[in-house]
Amino acid sequence: MEPPKGRGKLAQRDARFAWFMLLPTVIIVSLVVILPLFAIVWISVKPIDLGDLRPTTLVIRENVRTGGEVYEVEYRVRNSSQEAPIADAGFTDIIPSEIELLELPENCSLSQGSNLDCDFGDIEGGFRERFRIPATITGSPDVAEDLAEESQPRVRGDADSVLTNTEFTFDNFMKLFDQKEFITVLWTTLFYTFFGTVGALVFGLFAALLLNTSFRGQGILRGFFLFPYVAPVIAVAFTWINLLDPFSGSINTLIVQMGLTEEAINFFGQRPLALIMVTLFEVWRYFPLSFLFILARMQAIDFDMYEAADMDGASPFQKFWYLSIPQLLGILSILFLLRFIWTFNKFDDIFLLTGGNAGTRTLTVNVYEQAFGISNIGAGAAVAVIIMLFLLLFSLFFFRFISQEEGL
Amino acid sequence: MKRLYYGYITGPIIGIFWTLVVSTSVSILMAFATGGAFLPTLWGSILSGLLLGLLTVRFQRHLIIIPAAFMLAIILPFVGLGPLAYGDSIPLSMQGLSSLLFSIGTGWALVKYLTDCPWGNLTRHEFEECFIRFLTGSGLVFFTAIVLIPFYVMVMTSLKSQQALLLNPLDFSLEFEKGWGLLRSYFELFNDFNFGTYMITSFIVSITTVVITLLFSVPGAYAIARFRFAGQGALSRSILLIYMVPMIVLALPIYVVFSTTGLRNTIIGIILIYPVTTIPVALYMLQGYFRGLPTEVEEAGLMDGLSRLVVIWKITLPLSLPALASVSLYVFMIAWNEFLLAFMLLDDPKIFTLTRGVAMLNSSEIPRQHLMAGAVVSTVPIITIFMALERFMTRGLTAGSVKG
């Protein structure tokens, strides 16, 4: 008899069931991850400011003015955008019965005695007009005024939203590459990422070596060593700022007192010290992760090997160099790759410590700076796209490596 | 190197370096505790270290070395070569205390480091053993200091008054006579700045995030781990890939969409968006765990006629409770500590989360002890949970914290 070929019924049913279980997750993740990624590419080729997020409309203000016997109903109308035109713009308003309009402007009409309708046709960006309609008021003027202003005029008009139209531009990217600053930002990012990653790995390795022997209090110390990572970034970042403050920081007082420097040092305010400090913060905050991984790997190393080495008369340093390090190379390289990517992505830390000032602006901080600092969402998105390209590159490398390395 | 392999050379070298470590640590410790001027001296420490190293190699007894160190610490200053120097206003009692700390720190540790390190010839083994013990000791001091000092300063600053801090930023001695007044910043945070509400909001948001994350990721992770289907490889790779997308890149379009749909500045918006950032992590962690569970148990259940869903509910989930605990804790930590989205999406002080509330305190008009008190308030719950459930937490960290 032939062995069965293809996929059996059971396999098919399982596959269907698998997709059924996965579908909600796939849908929600693609909704909130994949779509925004498309959105960011889309926005990056749009000439768009933070202000453009609100759709372009007619903005109107109504006012009842008293001028002796004759009253005036005043409408001030303007286009919310300075550039974008609005087609078929106009508004309607309900005039309370206490007010009688005397003469209507040409473009307005009154229907059913109370529905005022004014039409402006197609208006340009920056359009602004004020017109007054003389009126008489029966009864108390104050009441009539309130009534008139209570009924909000309703505006209409078709405006093209920059977000949805088909106007594209590469200006965002061109401007970005034109800036000399961009090269600096790239170098800053690379410095921060490389030294932050390596520093965290080296510190993690040392910390793991220290705690790989058992002694009293080892468990507690291990807990302490993880504090920097577990505590909220905002809490530790502000503590660092507080600690290193040039005027009232404890560290500055301490080093001046010890005679290490004459004057207080502005750690987060001067180049290139600020960049070194944020990198140190990164090392301090993330060495616990490498520490945890490396410690776990160390404890899994077969003890027999060390006993054999002892028999052969290997010294402690030799055992570390020739036995431990080769055993740890795998986890070290995986950690390096992953941490490299994650440090590259890091935003909160630098944003909180320096806000990207004093030569600490990395690519991620630049996204925020462009989009919200100078209100140019398009340029921010362009930087984000560049980040994504870098990450694509990294992850290609990562997947090639990880399939060889297995693990994780 | 070979020339170092003599006890009378190794001993003094380790003695000198270790004494420098100890005198610096004692100075910093005393300065941070009292605010006074305590200084380590270079030549004084070298001299004491040299003598102590020689003595330790010669005698190897705590009872001799510790008193000797104490004598050195109080006698040497008279010839201007004390290991520690003091500012003018330091009272004798404090000088005595630091000398005592110095002598215990040097004497006790040096004897430990230099056991099996005889006066004369050393083997390479003996030399390296001593040296490694010394390095380990210095390392422990260094790491403990860099980890704990910031947290110490965070807590102590929150208990001081602005005036006292400006007068001497190093003086963290507590004025116990103020009684409850010590906690003034905390009372003000909870009474005037709504931190009670923020804390509740943060708890609600974090727990909801955990629940939603588990609801989505448990079935998803199970499917990826157990079934073979078309697109499986691509899917599990894209999880890792999505896991690598930086938050700031997503935050920008999310900000745009939320602004236009009115979800910005609402708790609902936050609760919608947090789980999406954690689901990929949870998927990744859980599928790893499910792969490790033996399939035989589940197959036995299937053979007995249970349906897949019942098998998951009755067999797989109970078996993976520890993993679920780890994942929950890890997700809770991410949600609790999340800052960027809360900062960008929330403007209304009524619905702030704790991290957003702390960010609000960072203003020149609000005194620093309030900011630090806010930092403590946001740190204490998560650290407490971490300490209480450390086993699960560290497992969660190792399984998922390739992200950070």
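Computed from a predicted structure; not experimentally measured.

As a further point, take the interface of chain B and chain A. Accessible area lost upon the coming together of the parts serves often as the stated size of an interface. Taken together, the contact between chain B and chain A spans 104 residues of the former and 98 residues of the latter. For the pair chain B and chain A, the two sides together bury roughly 8,900 Å², of which 81% comes from carbon and sulfur. Seen at the junction of chain B and chain A, the total is two salt bridges. Of the charged contacts in the structure, one is a salt bridge between R308(B) and D14(A), with a shortest N-O distance of 3.6 Å. Where chain B touches chain A, the interface holds 10 residue pairs in polar contact (both at pLDDT 80 or more). Top element by residues in the side of chain B that touches chain A is helix α5 (residues 124-158) of chain B. It accounts for 21 residues. Looking at the side of chain B that touches chain A, its residues break down into 74 nonpolar, 21 polar and nine charged.

The next point concerns the packing of helix α4 (residues 180-211) of chain A against helix α8 (residues 273-300) of chain A. Residues and elements named next belong to chain A. Contact pair α4 / α8: the axes reach a minimum separation of 5 Å and the direction vectors enclose 40°. Comparing their axes, α8 and α4 come out oblique. Crossing of α4 over α8 shows right-handed handedness. When its residues are assigned to classes, the contact of α4 with α8 shows 21 nonpolar, six polar and one charged.

Residue and element names in this part refer to chain A. Overall, antiparallel pairing links the four strands, which are arranged β5-β6-β3-β8 in an open sheet. The open sheet has two edge strands, β5 (108-111) and β8 (154-159), and neither has a second partner. The mean angle between the axes of side-by-side strands here comes to 15°, regardless of whether they run parallel or antiparallel. Two elements, β5 and strand β6 (residues 115-123), share four bridges in a ladder whose sense is antiparallel. Bridge pairing in β6 places C108 opposite C118.

We now examine the pattern of salt bridges. Residues and elements named next belong to chain B. Applying the stated criterion to the full structure yields 14 salt bridges over all chains. A salt bridge links R184 to E188; its shortest N-O distance comes to 3.1 Å. Of this pair, R184 and E188 both sit in helix α7 (residues 184-192), four residues apart, roughly one helical turn. Classification of R184 by relative accessible area gives exposed; the value is 52%. Overall, the relative accessible area of 22% leaves E188 in the partly exposed class. With its nearest N and O atoms 3.0 Å apart, the salt bridge here joins E298 to R226. Taken together, the positions of E298 in helix α12 (residues 295-303) and R226 in helix α8 (residues 195-226) put the pair 72 residues apart, joining distant regions of the chain. For E298, a relative accessible area of 3% gives the class buried. Assessed through its relative accessible area of 16%, R226 is described here as buried.

What follows deals with helix α1 (residues 7-34) of chain B. With 28 residues, α1(B) extends 39 Å from end C-alpha to end C-alpha; this agrees with the ideal 40 Å at 1.5 Å per step. Following α1(B) by one or two positions, G35(B) adopts a phi angle in the positive range, close to 85°.

Let's shift gears to the domain arrangement of chain B. Residue and element names in this part refer to chain B. Under the domain assignment, chain B is made up of domain 1 (2-167) and domain 2 (187-400). The straight-line distance from the C-alpha centre of domain 1 to that of domain 2 is 45 Å. The partner domain 2 presents eight residues to the nine residues of domain 1 that form the contact. Where domain 1 abuts domain 2, roughly 700 Å² becomes buried across the two surfaces, and 71% of that area is made up of carbon and sulfur atoms. It is M154, S158 and Q162 in domain 1 that bury the most area against domain 2; as a group they hold 59% of the surface buried on that side. In this structure, the connection of domain 1 to domain 2 is made through zero salt bridges. Inspection of the domain 1/domain 2 interface yields zero residue pairs in polar contact (both at pLDDT 80 or more). Those elements that provide at least two residues to the side of domain 1 that touches domain 2 are α5 and α6 (162-167).

The tally for this structure, following the rule as stated, stands at one disulfide over all chains. Between the sulfur atoms of C108(A) and its disulfide mate C118(A) the distance is 1.9 Å. On the S-S bond that ties C108(A) to C118(A), the torsion sits near 110°, and the link is right-handed. With C108(A) in strand β5 and C118(A) in strand β6, this residue pair connects regions lying 10 residues apart in the sequence. C118(A) matches C108(A) in its accessibility class, with the two residues each being buried. The thiol sulfur of C117(B) is not disulfide-bonded, and the nearest other cysteine sulfur, from C130(B), lies at 3.6 Å.

On to a nonpolar patch on the surface. Nonpolar side chains collect at one region of the surface, where L29(B), L97(B), L100(B), L101(B), I104(B) and W108(B) lie side by side and expose about 530 Å² of accessible area between them. Ranked by residue count, the leading element in the nonpolar patch is helix α4 (residues 92-113) of chain B, at five residues.

Conventions and cut-offs
- Residues numbered from 1 in each chain as written.
- Chains lettered and ligands numbered in written order.
- Predicted model: local features only at pLDDT ≥ 70, side-chain atom pairs only at ≥ 80, totals over all residues.
- Heavy atoms only, no water.
- Contact = heavy atoms within 4.5 Å.
- Buried area = accessible area lost by both parts, 1.4 Å probe.
- Salt bridge = Lys/Arg side-chain N within 4 Å of Asp/Glu carboxyl O.
- Polar contact = N/O pair within 3.5 Å; in protein donor to acceptor, adjacent residues only side chain to side chain.
- Helix = DSSP H or I, 4+ residues; strand = E, 2+ residues; numbered from the N terminus.
- Nonpolar A, V, L, I, M, F, W, Y, C, P; charged D, E, K, R; others polar.
- Axes fitted to C-alpha atoms, helices over the stretch in contact; angles between N-to-C directions.
- Parallel < 35°, antiparallel > 145°, perpendicular 65-115°, else oblique.
- Left-handed = near helix turned anticlockwise from the far one by under 90°.
- Pairing = 2+ DSSP bridges.
- Buried < 20%, exposed > 50% of the residue type's maximum accessible area, 1.4 Å probe, protein only.
- Expected span 1.5 Å × (residues − 1).
- Domains from an automatic or database assignment.
- Disulfide = S-S within 2.5 Å.
- Patch = residues over 30% accessible without salt bridge, like charges linked within 9 Å, V, L, I, M, F, W, Y side chains within 5 Å.
- Areas by Shrake-Rupley, 256 points an atom, 1.4 Å probe, with all protein chains shown as cover.

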